[in-house]
Amino acid sequence: MEHDTHTEHTEQHAPHEQHHPGPVSWSAAARATLHCLTGCAIGEVLGMIIGTALGWGNAPTMVLAIALAFLFGYTLTLWAVTRAGLGLKAAIGVALAADTLSIIVMETVDNGVLLLVPGAMDAHLSDGLFWSALALAFFAAFLITTPVNKWLIGRGKGHAVVHRYHH
């Protein structure tokens, strides 16, 4: 009996193990993507507000926004898995494994859209163009990142790593 308990504990807390959950629903992939998008959106908007308030140009503001998107994306995952009882060092490993590819894809797509929308990079926070372009960018990022997350989760990676700690 004691051996079974130890085995369960090991399985719950071994993120390096390969898990194959089987088919992944689009709903599960969308939830993982919305989680990622939430952190990215908080970081990006905060970065744009800070960059604008400091009078920075587009490039440094975008770099700050992207850095904060990664920070907030990882932080949301860290918060979730540490609340589930994982230590900080292990939680950092889970966050990196769960979110890195998703955030990279999301940031590439949404910043690419912002660069492609005429006038979006020069729009001010008080302009409708700024917010509509940002909404379009986040929507495009969601649409493109969801299949990536579906693929990752189906292989026991990405947010599948996080879900091992939600029991």
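Scroll up for the structure.
What counts and what doesn't
- Residues numbered from 1 in each chain as written.
- Predicted model: local features only at pLDDT ≥ 70, side-chain atom pairs only at ≥ 80, totals over all residues.
- Heavy atoms only, no water.
- Helix = DSSP H or I, 4+ residues; strand = E, 2+ residues; numbered from the N terminus.
- Expected span 1.5 Å × (residues − 1).
- Axes fitted to C-alpha atoms, helices over the stretch in contact; angles between N-to-C directions.
- Left-handed = near helix turned anticlockwise from the far one by under 90°.
- Nonpolar A, V, L, I, M, F, W, Y, C, P; charged D, E, K, R; others polar.
- 1 Å grid on protein atoms, 1.4 Å probe; cavity = no way out; pocket = protein on both sides within 12 Å on 5 of 7 lines; lining within 4 Å.
- Points joined across faces, edges and corners; volume = space filled by probe spheres on them.
- Polar contact = N/O pair within 3.5 Å; in protein donor to acceptor, adjacent residues only side chain to side chain.
- Phe/Tyr/Trp six-rings, centres within 6.5 Å; stacked < 30°, edge-to-face > 60°.
- Buried < 20%, exposed > 50% of the residue type's maximum accessible area, 1.4 Å probe, protein only.

S.K.: So what exactly am I meant to see when it comes to helix α2 (residues 26-53) here?
M.R.: Every α-helix winds through 3.6 residues per turn, so residues three or four apart in the chain are directed the same way. When the terminal C-alpha atoms of α2 are compared, their 39 Å separation across 28 residues agrees well with the 40 Å that a helix rising 1.5 Å per residue should span. Positive phi appears at Gly55, one or two residues downstream of α2, with a value of about 75°.

S.K.: I'm lost on the packing of helix α3 (residues 58-83) against helix α4 (residues 88-116) in this one. Help?
M.R.: The description of two helices packed together rests on the angle between their axes and the distance between the axes. Their axes nearest at 8 Å, the elements α3 and α4 cross at an angle of 145°. Relative to α4, α3 is oriented so that their crossing is right-handed. Per-class residue counts for the contact of α3 with α4 are 16 nonpolar, five polar and two charged.

S.K.: Would you mind showing me how to read the layout of surface pockets here?
M.R.: To locate leftover empty space, one rolls a probe as large as a water molecule over the atoms. If you add up the space inside the largest pocket, you get close to 350 Å³. Only α2, α3, α4 and α5 (128-154) provide two or more residues apiece to the lining of the largest pocket. It is α3 that provides the largest number of residues to the lining of the largest pocket, a total of four residues. Of the residues belonging to the lining of the largest pocket, the class tally is eleven nonpolar, eight polar and one charged.

S.K.: It is not clear to me how the environment of Thr75 should be interpreted in this structure. Could you clarify?
M.R.: In this structure, Thr75 sits in helix α3. Here Leu71 takes part through its backbone oxygen, which lies 2.6 Å from a polar atom of the side chain of Thr75.

S.K.: How should I be thinking about the packing of aromatic side chains in this particular structure?
M.R.: In this structure the tally under the stated criterion is two aromatic pairs. Between Phe70 and Tyr74, the ring centres sit 6.0 Å apart and the planes meet at 50°, which makes this aromatic pair tilted. With Phe70 and Tyr74 both in helix α3 and four residues apart, this pair spans about one turn of that helix. Summarising the burial analysis for this pair, Phe70 and Tyr74 share the class buried. Ring geometry for Phe130 versus Trp131: centroids 4.7 Å apart, planes at 90°, classification edge-to-face. With a relative accessible area of 7%, Phe130 lands in the buried category.

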